[in-house]
Amino acid sequence: MNPLSSPLLTDHYQLTMLESYLQQGMQETAVFELFFRKLPPTRNFLVAAGLEQALEFLENLHFSAGELAWLKPRFGRALVNYLEHFRFTGDVHAMPEGTLFFPDEPILRITAPLPQAQFVESRLINLLHFETLIASKAARSVLVAPGKLLVDFGMRRAHGAEAALLAARASYLAGFSGTSTVLAAAIYGMPSFGTVAHSYIQAHTDETAAFEHLVRCHPKNSTLLIDTYDTEAAAIKVVSLARKLAQDGIEVSGVRLDSGDLGMHARRVRRILDEGRLEKTRIFASGNLNENRVHELISSGAPIDGFGVGTALDVSSDAPALDCAYKLQEYAGKARRKRSEGKATWPGRKQVYRKYDPDGRAVRDVVALEKDDPHEGEPLIVPMMRNGRRIDGINGNRKLEAIRGQTVANYARLPEPLRSLETVSAYPVEISASLQALAKKVDDECRPITSIQNLRI
């Protein structure tokens, strides 16, 4: 079994429900929507990500002989026989990856026979939640560091292999320049970046020799790690080495700072490099960075050309989880609504309309019913999959580079306050009158028990 593609990567209760649905003959069309209930305190918006992996999961969903053999002694024969030919045959509507969205707005809608639509819940949340989480974190660094090289450095402390790969993808989608994770670059077609570890410098008897060996091995693009011993002394060595390398037509591309007062060291190193006529040599910084620290360094005028952002990005340290849900909104042609305290849902199939001002900035969103409830603005939810297959030429098949470009363009359409690291007042998301009326209708039809005295115990 491949642990990342197996349909057994799900919650046990999905199989429990599926078996009961089959027993009761409940296989009519169901509509589920995935949405986020609220923003964490440090986010003004979220970035939709993970749709590509979600569509790939749905398109390839099936049970192998080995997986069915594992299920046989644990579940009834009827379920195992059903799963032998199990495929996703439904439709998918979603916000394209890179869309900026807000609470109560569905970013994915699944329309399929109830057993299928229910079963895919766990993995869909798993994929869309994580990449949205990381893309939304990465967006904050992108917004405070325009024009800077931003590299995902977080693989080694990510929560497992898949998390490392998807974090690299999500951060690039959000506008990062690339990743240090080689496999992510190979899989997703993104740039990879890297320097050396301090152990490389330590393994050499002489620091200058370490620098020279690296540059001669990679003469077109080498960034020298200069803080192993004495940062400024190492910068002076770089200047001296550069004169020698210039005789062979080799330039030192950059230097990297990874410890101490990065702003102070950057200023001193920049002065040393400039005085040594290395004005083109870039300064790259890393070391426990996050968007707030990057913002501080840039605001202080530190002459840093790029940043490696690692652990804080790949684990989204300030907001490690988002409050998202995948809920039934319609079954057998009838709207459904969850009314749990603090977790009520809006019923029916929905569309989100975004209105812009004359300057092209978003001013408000309206969550409305998909049919017969039109509103002014751009509809954000579009078809992605029909009858279990992706729609050719529509967003689900876009290349990552194109998604990244659209994401960055979307930032420019945000109201200026939302682009700040500071938490601001909520962006207006309205619930249409028709949707509110449908919710009331569903509630009235439920005829809830209003008093415990009406219960027979």
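Residues numbered from 1 in each chain as written. Predicted model: local features only at pLDDT ≥ 70, side-chain atom pairs only at ≥ 80, totals over all residues. Heavy atoms only, no water.

## Here's the deal with helix α12 (residues 262–275)
- The end-to-end C-alpha distance of α12, which contains 14 residues, comes to 20 Å, matching closely the 20 Å that a straight helix rising 1.5 Å per residue would cover.
- All of the buried residues along α12 are Leu262, Gly263, His265, Ala266, Val269, Arg270, Ile272 and Leu273.
- Where α12 is buried, its residues contact α11 (231–246), β9 (254–257), β10 (282–285) and α13 (291–299).
- Positive backbone phi, at 65°, marks Arg277, one or two positions downstream of α12. (Helix = DSSP H or I, 4+ residues; strand = E, 2+ residues; numbered from the N terminus. Expected span 1.5 Å × (residues − 1). Buried < 20%, exposed > 50% of the residue type's maximum accessible area, 1.4 Å probe, protein only. Contact = heavy atoms within 4.5 Å.)

## Here we look at the pattern of salt bridges
- The final tally for this structure, using the stated rule, is 31 salt bridges.
- We note a salt bridge from Lys137 to Asp318, for which the minimum N-O separation is 2.8 Å. One end of the pair, Lys137, is in helix α6 (residues 121–144); the other, Asp318, is in the loop between α14 (311–314) and β12 (323–331), with 181 residues separating them in the sequence.
- Taking the relative accessible area as the measure of exposure, Asp318 reaches 34% and is therefore partly exposed.
- One network of salt bridges, in which partners are shared, links Arg43, Lys137, Arg140, Glu291 and Asp318. (Salt bridge = Lys/Arg side-chain N within 4 Å of Asp/Glu carboxyl O.)

## Thoughts on the environment of Ile107
- Note that Ile107 resides in the loop between β4 (100–101) and β5 (108–113).
- Residues Ile107 and Ile381 lie 274 residues apart in sequence; the distance between their C-alpha atoms is 7.1 Å.
- Beyond its immediate stretch of four places on either side in the chain, Ile107 contacts Leu34, Phe36, His93, Ala94, Met95, Phe101 and Thr132.

## A look at the sheet that holds strand β14 (residues 350–356)
- Taken together, four strands build an open sheet; the order of strands is β16-β14-β15-β19 and the sheet is mixed. Whereas interior strands pair on both sides, the edge strands pair on one side only; in this sheet they are β16 (378–379) and β19 (429–431).
- Note that β14 and β16 share two bridges and pair antiparallel. By the bridge assignment for β16, Arg354 is matched with Glu378.
- Lying over the sheet, helix α16 (residues 433–446) contacts β14, β15 (362–369) and β19, oriented at roughly 35° with respect to β15. (Pairing = 2+ DSSP bridges. Axes fitted to C-alpha atoms, helices over the stretch in contact; angles between N-to-C directions.)

## A word on the pairing of strand β1 (residues 29–38)
- In terms of burial, β1 is largely enclosed, as eight of its ten residues are buried.
- Where β1 lies against β5, six bridges are found, and the strand directions are antiparallel. In the strand pairing of β5, Leu34 is matched with Leu108.
- With eight bridges joining them, β1 and β12 adopt antiparallel strand pairing. The residue of β12 that forms the bridge with Val31 is Glu330.

## A short note on the sheet that holds β5
- Pairing is antiparallel across the open sheet formed by seven strands, whose spatial order is β13-β12-β1-β5-β3-β17-β18. Looking at strand neighbours, the two that pair on one side only are β13 (334–335) and β18 (389–390), the edges of this open sheet.
- The pairing of strand β3 (residues 91–94) with strand β17 (residues 382–386) spans three bridges and is classified as antiparallel. In the strand pairing of β17, Ala94 is matched with Val382.

## Considering the side chain of Lys137
- A relative accessible area of 3% means that Lys137 is categorised as buried.
- There is a polar contact of 2.8 Å between the side chain of Lys137 and the side chain of Asp318.
- With sequence-adjacent residues up to four places away left out, Lys137 is seen in contact with Arg43, Glu291, Ala312, Leu313, Ser316, Ser317 and Asp318. (Polar contact = N/O pair within 3.5 Å; in protein donor to acceptor, adjacent residues only side chain to side chain.)

## Focus: the nonpolar core
- In this structure, Leu108, Ile110 and Ile226 are the most contacted members of the largest nonpolar core, which totals 131 residues.
- Among the elements that line this core, the one with the most residues is α6, at twelve residues.
- When residues no more than four places from it in sequence are discounted, the contact partners of Ile110 are Ala30, Val31, Phe32, Leu58, Phe88, Asp91, Val92, Ala117, Leu124 and Tyr326. (Core = buried A, V, L, I, M, F, W, Y, C linked by side-chain atoms within 4.5 Å.)

## Description of the domain arrangement of the chain
- Domain annotation of the chain identifies domain 1 (12–135 + 320–348 + 382–425) and domain 2 (144–315).
- Computed over C-alpha atoms only, the centres of domain 1 and domain 2 are separated by 38 Å.
- On the side of domain 2, 22 residues touch domain 1, which itself brings 25 residues to the contact.
- Between domain 1 and domain 2, the buried area comes to about 1,800 Å², and carbon and sulfur atoms account for 62% of it.
- At the junction of domain 1 and domain 2, the tally comes to three salt bridges.
- Applying the counting criterion to the domain 1 and domain 2 interface returns ten residue pairs in polar contact (both at pLDDT 80 or more).
- For the side of domain 1 that touches domain 2, the secondary-structure elements that each account for two or more residues are α2 (51–60), α6 and α15 (400–411).
- Of the residues that constitute the side of domain 1 that touches domain 2, the class distribution is 13 nonpolar, five polar and seven charged. (Domains from an automatic or database assignment. Buried area = accessible area lost by both parts, 1.4 Å probe. Nonpolar A, V, L, I, M, F, W, Y, C, P; charged D, E, K, R; others polar.)

## Focus on unusual backbone geometry
- Phi is positive for Ser316, close to 45°, though the residue is something other than glycine.
- Mapped onto the secondary structure, Ser316 falls in the loop between α14 and β12.
- On the accessibility criterion, Ser316 (0% relative accessible area) is buried.
- For Asp372, which is not glycine, the phi dihedral falls at a positive 60°.

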